[in-house]
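Structure at a glance
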Amino acid sequence: MGIILATLVGVALLAAPWSPLYKKPTLGLDLQGGLEVVLQAKPQKNQKNQKNQKLTQSDLDRSVTIIRNRIDKLGVSEPIVNKQGKDQISIQLAGVFDQQRAAQIIGKTARLELYDLETSLVSPSVSGGLRPHPVASVRLFDLLAPVQAAARGKSSDAFYLFEHKKLKAGPSDTRAALLRQFRGKVPKGGKVFAVPPKTVVITCGPQDVVCPGVQESPPTRTYYYLFKFEPNAGDHSVPQMTGTDLKLSGTRSDIDTQTGEPVVLMQFTKKGGKKFKDITQAEYSRGGIYQTAQHFAIVLDRDIKSFPQIDPTKSELAGGIGGGSAQITGVSQKEAKDISLVLQTGALPIDFKTKERSDVSATLGKDSLRQAWIAAIAGLVVVALFLLVLYRFLGLVAVIGLGIYAAFLYAMVLLFGVTLTLPGFAGMILTIGVAADANVVIFERIKEESRAGKSVRAAIAAGYSKGFKTIVDANVVTAITALVLFAVATAGVKGFALMLLIGTAMSMVTAVAATRAMLGLLAGFRWFDSPRFVGAHGNQTAKWLQIDFMRRRYLWLAISGTAVAIGIVSLGVKGLNLGIDFKGGTQVTFKTPRAVSLADVRSQAQRIGQKGDIIQGRGSRAGSESYKQFQVRTKTLTNSQYDEFQLNLQQRFGAQSFGRKTVSESFGKQIARSAIFAVLFSLFLIIIYIALRFQWKFALPVIVALIHDIVITVGVYSLTGREVSTATVAAVLTVLGYSIYDTIIIFDRIRENIPLMRRAPFATIANVSLWETIRRSLATTLITLLPVASILFFGGATLKDFAFALLIGIASGAYSSIFIAAPLLTIWKEREPDYARRIGQEPEGRKGGASAVLEEATEAASAEAAVLPELVPTSGRERAAAEAKRERRRQRRRSRPHGRAR
């Protein structure tokens, strides 16, 4: 079995097409930079009085939300989207290769309109006679020329300039705006045409499969139509339906099962479904009168995407089309995806124009990335040394297993196209601890079985048999958290969740397959069959760790309660020092006469007290991380602070061409709400899982311990006044995953000891379980804290706050698992009649103390495990030795007066 597993692991590492040997990962905006698009709002005209509508902040806020949703659906991780000034939105993207397409999707208004085609067309776009049908104009000039008499002297919101019947400029909202670029005069040979009031120009062209009134398919040119446009006419409104009649959740791209062609499925609201049925019923009746099919035009951003027909010969359509759905056909797969994308996220409430597009540098910079790599490598080296010292040869196996885990994790990042960002880096750090912990759990089990008298081979089999269930429970709970966060949350929170999910799965693979394969191969050698060689000699738990935790339970709870109360009071009085990610601030842009490195600008900003600034280079790069244009996002600056900041930059770098704008927060309320909702929902699922796998009383301490850890972490930030950024959110989420994992490991041992210690009080069971797992808890905490401490020590200023939050949270998580969760479980379980009767039954001051209790529990567990067929020693000499050891244990129990509770 070991040879087979080793072969599979080797093949997966070397032969997989997604191996790290073949590709490079995609880095996020904070690590590699990307594209910045600045959109400026265009006021729309009111249809009643033709005056520009007032631009409201609620419109901008909704636009920010919609744009952020679209970017998330594009697969870009952790975009920066914020308002700047009074009418602009800045979007920074990473990992986007087709920049033009991304910019188009971001800026689309997604104006969906659905017309009863034949009744909505106006002359010259519809024929006269008994059977009116659509007429396409091949030139816009030919469409507008016949209607200028109707447009003359009346207000219009669209003007075009033609020169020799060819379109020269337009459309513009006013005639003056159209002619501004021509010094206010119509050029010689030019004509200005206006679109008549209550009408609109709609196109259909080469990007569409077929156009009304056109025989060629697909069309080779753009065709023009004139439609009625009276959106506020009640029951007589044209267009008859709009995007507000759609259910965003039911609109998606799909494949038609009959034709195999891409389509966009549209799901209507209840009111929209009734409208659609009434319109198609009227079209069926009208088609019967004219003896020709009628059409329902689906128009997106004033372009006809599809116009399905209502055939009057089909009697099943006599009552109209019910069911509340329709579809757009005749589009490519890419168009179907793009159309469904803008429809799913909803229409932007205002029109935007692209003001500027520019490349921007990473928000952290190469210097911070280099420091992060140094810190990560240093942390892994220290972890490897720690494992070697603690577990000796097993530690070497664990280090090799971690190497395999790292390769698998990196390969999965490439396979899924994960964009690596700082929150993803946080998830990676947590999964390193999870992966190491899976090995630690099994190795501690192996050492226990070896101390109980089994051969090393039998101890390995027993260790994996018992440790596997513990690892599964802990990893399932962590995976539930990650799945919910990924499904519900957005942006950087989603990146963290994906890394946590992938890392959890890979840790299971390496702990169960890779390390087991190595140990299975080594167990066949005689030199490996030595308890000392695997570190199983000596006592299982040092005496100084054998504390009566449960006797002091109320002391631990009082200490934690005091710490939580201090944190809550500080939050109420001082609050949190929220950074620009949450509160917004000031954006300063400037230029330098010569190229300056980002590191120099960042160090200068820190020197004058601007420690939380986000500093980026803009435009073309001059050398490694050097630019001539910069933008700095900092906390809101007063006039005096801005003057001082500007003077320092001028003196140090000769900065000039300064610009100053107010910017909104990038971590919006929507992201915060979605993250909180995801956490609460994941806790609900965790309670259900623990109640099914353990007991409902086991779930309550897990949740209390988790809340304790989060409050402590946030409270420390409030007390110290450290700035809260998006990195802090990632750190708190890391604490969430770690705290749950550690608590489940301890609870799993309590559950295992309950049937083995049938007469013991629950406090004794909890104490023994803690003694048996405390080495693992301390080892795992140190393994996780070592790389974090290396980031705090070696990392740059941009990473230190992130590492600080992790340090506090992980330490709090280790504390709460031992001193909060287990005591609370004991308090609740001792209220059960069975355990209430056992309280105080054990003799006071019994000899042997904690060591005797632990030895008895270990012997009981070993005796229970020894009857399992797969763990019974196979050779006669091994059986005789094991029987002799069991007999010696029985003699010791008989000779001890405290050996059995009365």
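Residues numbered from 1 in each chain as written. Predicted model: local features only at pLDDT ≥ 70, side-chain atom pairs only at ≥ 80, totals over all residues. Heavy atoms only, no water.

Some remarks on the overall build of the chain
The secondary structure content of the chain amounts to 27 helices and 25 strands. Counting every position in the chain, which comprises 902 residues, the buried fraction comes to 53%. Carbon and sulfur atoms make up 58% of the accessible area of the chain, which totals about 40300 Å². (Helix = DSSP H or I, 4+ residues; strand = E, 2+ residues; numbered from the N terminus. Buried < 20%, exposed > 50% of the residue type's maximum accessible area, 1.4 Å probe, protein only. Areas by Shrake-Rupley, 256 points an atom, 1.4 Å probe, with all protein chains shown as cover.)

What to know about the nonpolar core
F443, F549 and F747 are the most contacted members of the largest nonpolar core, which totals 84 residues. At 11 residues, the largest contribution of residues to this core is made by helix α12 (residues 393-415). Apart from the residues lying within four places of it in its own chain, the contact partners of F549 are W556, N767, L770, W771, I774, I818 and F819. (Core = buried A, V, L, I, M, F, W, Y, C linked by side-chain atoms within 4.5 Å. Contact = heavy atoms within 4.5 Å.)

Considering the confidence of the model for the chain
Regions with low pLDDT carry predicted coordinates that are not meant to be interpreted in detail. Model confidence for the chain is summarised by a mean pLDDT of 75, while 73% of its residues fall at 70 or above. The least confident element of the chain, judged by mean pLDDT, is helix α26 (residues 849-866) at 50; the most confident is strand β10 (residues 223-228) at 94. Ignoring residues within four places in sequence, the model shows residues 861-880, a span with pLDDT below 50, making 23 contacts including any to other chains. Within the model, the stretch residues 896-902 combines pLDDT values under 50 with 13 contacts to residues more than four positions away or in other chains. (pLDDT = per-residue confidence, 0-100.)

Let's talk about the side chain of Q88
Within the secondary structure, Q88 is located in strand β4 (residues 88-93). Excluding its chain neighbours within four sequence positions, the residues that come into contact with Q88 are V38, L39, Q40, N82, K83, K355 and K661.

Let's talk about the side chain of T280
Note on placement: T280 falls in helix α9 (residues 270-290). Classification of T280 by relative accessible area gives buried; the value is 1%. One polar contact links the side chain of T280 to the main-chain carbonyl oxygen of F276, over a distance of 2.8 Å. (Polar contact = N/O pair within 3.5 Å; in protein donor to acceptor, adjacent residues only side chain to side chain.)

A closer look at the sheet that holds strand β8 (residues 190-194)
Ordered by their spatial adjacency, three strands build an open sheet running β7-β6-β8, and the pairing between neighbours is antiparallel. Two strands bound the open sheet, and with one partner strand each, they are β7 (166-172) and β8. Between one strand axis and the next, the sheet turns by 20 degrees as a mean value, whatever way the strands run. Across five bridges, strand β6 (residues 159-163) lies against β8 in antiparallel orientation. Looking across to β8, one finds that L161 is bridged to V192. (Pairing = 2+ DSSP bridges. Axes fitted to C-alpha atoms, helices over the stretch in contact; angles between N-to-C directions.)

Some words on the pairing of strand β21 (residues 585-597)
Both β21 and strand β24 (residues 656-663) contribute to a ladder of six bridges, which runs antiparallel. By the bridge assignment for β24, T586 is matched with T662.

Let's talk about helix α16 (residues 553-573)
Helix length check: α16 (21 residues) gives 30 Å between terminal C-alpha atoms against 30 Å at 1.5 Å per residue, within 8%. Regarding α16, the residues found buried are R553, W556, S560, V564, G567 and S570. Seen end-on, α16 carries its buried residues on one side only, within an arc spanning 140 degrees. Turned more than 90 degrees from where α16 packs its buried face, Y554, V569, G572 and V573 sit exposed. In the stretch just after α16, G575 is the one whose phi turns positive, near 75 degrees. (Expected span 1.5 Å × (residues − 1). Arc of directions from axis to C-beta.)

Observations concerning the packing of aromatic side chains
What characterises a pair of aromatic rings is the spacing of the ring centres plus the angle enclosed by the ring planes. Tallied over the entire structure, the rule returns 15 aromatic pairs. Taking the centre distance of 4.9 Å and the plane angle of 40 degrees together, the rings of F268 and F276 count as tilted. Like F276, F268 is buried. Aromatic side chains F762 and Y835 sit 5.1 Å apart centroid to centroid with 80 degrees between the ring planes, which places their arrangement in the edge-to-face category. On the criterion of sequence distance, the pair formed by F762 in helix α23 (residues 762-794) and Y835 in helix α25 (residues 833-838) is long-range, its members being 73 residues apart. We note that F762, like Y835, is buried. Through a chain of ring-to-ring contacts, the aromatic side chains of F141, Y160, F162 and F193 assemble into a single cluster. It is R302 that lies over the ring of F229; its NZ or CZ is 4.8 Å from the centre. (Phe/Tyr/Trp six-rings, centres within 6.5 Å; stacked < 30°, edge-to-face > 60°. Lys NZ or Arg CZ within 6 Å of the ring centre and 35° of its normal.)

A closer look at α9
The end-to-end C-alpha distance of α9, which contains 21 residues, comes to 31 Å, matching closely the 30 Å that a straight helix rising 1.5 Å per residue would cover. Those residues of α9 that fall on the buried side of the exposure criterion are G272, G273, F276, I279, T280, E283, Y284, R286 and G287.

Concerning the state of the cysteines
Evaluated as defined, the whole model comprises one disulfide. Shown here is the disulfide that connects C204 with C211, its sulfur atoms set 2.1 Å apart. As the torsion about the S-S bond is roughly -90 degrees, the C204-C211 disulfide counts as left-handed. The exposure class assigned to C211 is buried, which follows from its relative accessible area of 1%. (Disulfide = S-S within 2.5 Å.)

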